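Summary of the model geometry
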Amino acid sequence: MKFNFLNKIPIAIPLFLAGQSLAQTTILIPDTLAGDVINLTLQNGTREFYPGVATKTIGYNGNFLGPTIILNQGQQVTLNLHNQLSDTTTTHWHGLHVAPANDGSPHNPVMDGETWSPSFTVMDKAATYWYHPHLHGKTLNQVVKGAAGLIIVRDPEETAMNLPRTYGVDDIPLVFQWKTFDSAKQIVEMDEVDNEVLVNGTINGTLHLPAQVVRLRLLNGSSHRFFDFGFADNLTFKQIASDAGLLDAPVSMTRLILGSGERAEILVDLSELQGSNLKFQQFGTQLPQGYPGGPMMMGGMTGPKDNTDFDLLTIQVGAPTSNAVTAIPATLTTNTAWPQAGASSRSFGLSAQPMMSMTNFFINGLKFDMETVNFNTQVGKTEIWTITNQTMMAHPFHIHGMHFYVLSVNGATPPANLRGRKDVVVVPPMNGSVKLILRYEAFSDPHIPYMYHCHILSHEDTGMMGQFIVNSASSGTIENAAQEHLRVSPTLLAPGLEKVEISADNGWEPIQIEVYDQDGCLLLTERNATRIAVDRLASGMNSIQIFTARGTAVFKVVKTN
Ligand code: C2O
Ligand code: CU
Ligand code: CU
């Protein structure tokens, strides 16, 4: 990723600045990466957010943030994540429906200097997803310094519509991040007193857009605070997509609240605005009580920009492009939630200790523990989750590995813009509640859990997280069946042995093989292989997971030296 370091317009060209604000920094548009193989290097760097000051940062393939990854539904992709952080990390594909072993959760650590290469088929619908580190206890530390990027998934349904999709021209990725800079202008992890907002790494910058319908892909990539987005003159915009897919129809709005981790795609009609400067703003004064960034919360720490309205960026509207989109479609897609009949229920209580605490949070009375699986479920099952919030502040609740539909918020039908596919939902404070429905589709793994957590990163890091195992269908019978149709030999590996052979009955051929050491660290992934090189295994116990079209089997092999 090459960011264009246009830090400030030099005062040597004052005529150009006439009538404009002096803080003219063009908002940078991250480069894109596409194709079957995506190479990402997570690295340390510095970035000049403030003139003349080098701020220490982390980025993917660069100093801050990362390239936008463009994927097509149905494609196979291998992501090579090379870790050059001098620290352990993980990278999570937030919102993508992938197997737990490919998810980049705290259970897929990548050691310093190593490369992790998950490979999977893109199953998701066209929408805006993102990626970021997820090492337990270190997520805030790594994300807040800049390690995050967007993923744009395209699919045939969305591609058939006349929507703006020329990246960086009429289809604009915007990563909004509250940050805390200390007096030396270094980013600190203390996310409760955020004092600045970056848009694609730029403070109060300018975006040049054509006078036509444009699409803005908004990510609240903050560690803590919420946004209540809107335009200065209450210009109406239309939300077309939520976290994980298109809405049924564009929803007209003048304000849009996003909690940490949430995304939205909006269309704005700039056709009549050529030559004008449009302010896109934070309306913190309009956030509900208890939403971080809004009106002061009892017992909460207040950041200098909380409960204020301010400019996030200026849009300078220029000439339209030749192939401009000029109309907004009336309908988009049909979202159909799974039937509630026959679904089982689960409840999650968000609580604080002591009750008024603004920093110490629990889910169902528990703190996250890497070794504790909070519940087991089964692939194919539909569940209704009720999340109640007994704390004084709102928490954005996120689930890995699947999308969900929101059935109700505080007992009422959700507003139209929350009725599409989502993977983060804001649970309102002070006995607020959200009911959602989800289905465990496609992936099961007897060993590696999926996570659910508050997406306020300091909350997540301090244990406001849980995990669950999705077992294969009909309580393990398919798994046992797979076990009977596959053979791994030998299982006791004497010194000097080169290969472990895998044989399968017809129809049970391995599609993917994953090997884990006894700490659950993924050692290798092979596709369509029938043997494993012994020198790639750990000494001691190794667990070989074999995924077939009809089920998953696990074999233990022991390597002796
Ligand atoms: Cu974006 Cu588990 O996180
Ligand atoms: Cu996620
Ligand atoms: Cu929280």
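See the structure shown above.
Summary of the structure given here. (Residues numbered from 1 in each chain as written. Chains lettered and ligands numbered in written order. Predicted model: local features only at pLDDT ≥ 70, side-chain atom pairs only at ≥ 80, totals over all residues. Heavy atoms only, no water.)

Details of the overall build of the protein chain
- Helix and strand counts for the protein chain come out as 5 helices and 40 strands.
- Principal axes of the C-alpha set define a box for the protein chain whose edges measure 80 × 50 × 50 Å.
- When each of the 561 residues of the protein chain is scored for burial, the buried share is 58%.
- Residue pairs at least 24 apart in sequence account for 74% of intrachain contacts in the protein chain once pairs closer than 6 positions are excluded.
- Accessible area for the protein chain stands at about 20600 Å²; split by element, carbon and sulfur atoms hold 52% of it.
- Within the protein chain, the 49 negative side-chain charges are centred at a point lying 2 Å from the centre of the 35 positive side-chain charges. (Helix = DSSP H or I, 4+ residues; strand = E, 2+ residues; numbered from the N terminus. Buried < 20%, exposed > 50% of the residue type's maximum accessible area, 1.4 Å probe, protein only. Contact = heavy atoms within 4.5 Å. Areas by Shrake-Rupley, 256 points an atom, 1.4 Å probe, with all protein chains shown as cover. Lys, Arg positive; Asp, Glu negative; His and termini not counted. Charge placed at Lys NZ, Arg CZ, Asp CG, Glu CD.)

Concerning the coordination of the copper ion (ligand 2)
- Protein-derived ligands of the copper ion (ligand 2) are His-92 (NE2) and His-398 (NE2), with the metal-ligand distances lying across 1.9 Å. With a gap of 306 residues between them, His-92 in strand β6 (residues 92-94) and His-398 in strand β27 (residues 395-399) connect regions that are remote in the sequence.
- For His-398, a relative accessible area of 0% translates into the label buried. (Donors = N, O, S within 2.8 Å, 3.2 Å for Na, K, Ca; no water.)

Observations regarding the packing of aromatic side chains
- This structure, assessed with the given rule, holds 31 aromatic pairs.
- For the ring pair Tyr-50 and Phe-181, a centre distance of 5.1 Å and an interplane angle of 85° mean the geometry is edge-to-face. One end of the pair, Tyr-50, is in strand β2 (residues 37-50); the other, Phe-181, is in the loop between β11 (171-179) and β12 (196-199), and 131 residues separate them in sequence.
- With relative accessibility at 15%, the residue Tyr-50 sits in the buried group.
- Judged by relative accessible area, which is 5%, Phe-181 ranks as buried.
- An aromatic cluster of at least three residues, connected via ring pairs, comprises Phe-176, Trp-178, Phe-227, Phe-229, Phe-231, Phe-237, Phe-280 and Phe-310.
- The residue whose ring lies beneath Lys-185 is Tyr-50, and the NZ or CZ to ring-centre distance is 4.3 Å.
- Residue placement shows Arg-346 over the ring face of Phe-375; its charged tip is 3.8 Å from the ring centre. (Phe/Tyr/Trp six-rings, centres within 6.5 Å; stacked < 30°, edge-to-face > 60°. Lys NZ or Arg CZ within 6 Å of the ring centre and 35° of its normal.)

What about the coordination of the copper ion (ligand 3)?
- Within the first shell, the copper ion (ligand 3) binds the protein through His-395 (ND1), Cys-454 (SG) and His-459 (ND1), at distances of 2.0 to 2.1 Å.
- For the copper ion (ligand 3), all donor residues lie on one chain, and their spacing in sequence is H-x58-C-x4-H. With His-395 in strand β27 and His-459 in helix α4 (residues 457-461), this residue pair connects regions lying 64 residues apart in the sequence.
- Overall, the relative accessible area of 0% leaves His-395 in the buried class.
- Owing to a relative accessible area of 1%, His-459 belongs among the buried residues under this scheme.

Considerations on the sheet that holds strand β23 (residues 344-352)
- Strand order across the open sheet formed by 5 strands is β24-β23-β26-β30-β28, with mixed pairing between neighbours. Each having just a single partner strand, β24 (361-363) and β28 (404-409) make up the two edges of the open sheet. If you compare each strand with its neighbour and ignore which way they point, the axes differ by 20° on average.
- Two elements, β28 and strand β30 (residues 432-439), share 5 bridges in a ladder whose sense is antiparallel. Each residue of the ladder has a partner; that of Phe-404, found in β30, is Leu-438. (Pairing = 2+ DSSP bridges. Axes fitted to C-alpha atoms, helices over the stretch in contact; angles between N-to-C directions.)

Brief notes about the sheet that holds strand β38 (residues 531-533)
- Spatially, the 3 strands line up as an open sheet ordered β33-β35-β38, and their pairing is antiparallel. Taken across any chain shown, the strands that pair with only one partner, and hence form the sheet edges, are β33 (486-489) and β38. Within this sheet the neighbouring strands show an average axis-to-axis angle of 15°, counted without direction.
- The pairing of β33 with strand β35 (residues 499-504) spans 4 bridges and is classified as antiparallel. Residue Leu-486 lies in a different strand from β35, and its bridge partner there is Ala-504.

Topic: unusual backbone geometry
- Here the residue pair Gln-353 and Pro-354 is connected by a cis peptide bond, since its omega of -5° sits within 30 degrees of zero.
- For Pro-354, the position within the fold is in the loop between β23 and β24.
- Residues Ser-489 and Pro-490 are joined by a peptide bond in cis, for which omega reads -5°.
- Locating Pro-490 in the fold gives a position in the loop between β33 and β34 (492-493).
- A positive phi angle, close to 45°, is found at Asn-204, a residue other than glycine.
- Relative to the helices and strands, Asn-204 is located in the loop between β13 (202-203) and β14 (205-210).

Focus on the nonpolar core
- Counting 38 residues, the largest nonpolar core has Trp-385, Phe-397, Ile-399, Leu-436, Tyr-452 and Phe-468 as the members making the most contacts within it.
- Not counting chain neighbours up to four residues away, the residues in contact with Ile-399 comprise Trp-385, Phe-404, Asp-423, Leu-436, Leu-438, Met-451, Tyr-452 and Phe-468.
- With 34 residues, the next largest nonpolar core counts Ile-27, Val-251, Met-253 and Phe-280 among its residues. (Core = buried A, V, L, I, M, F, W, Y, C linked by side-chain atoms within 4.5 Å.)

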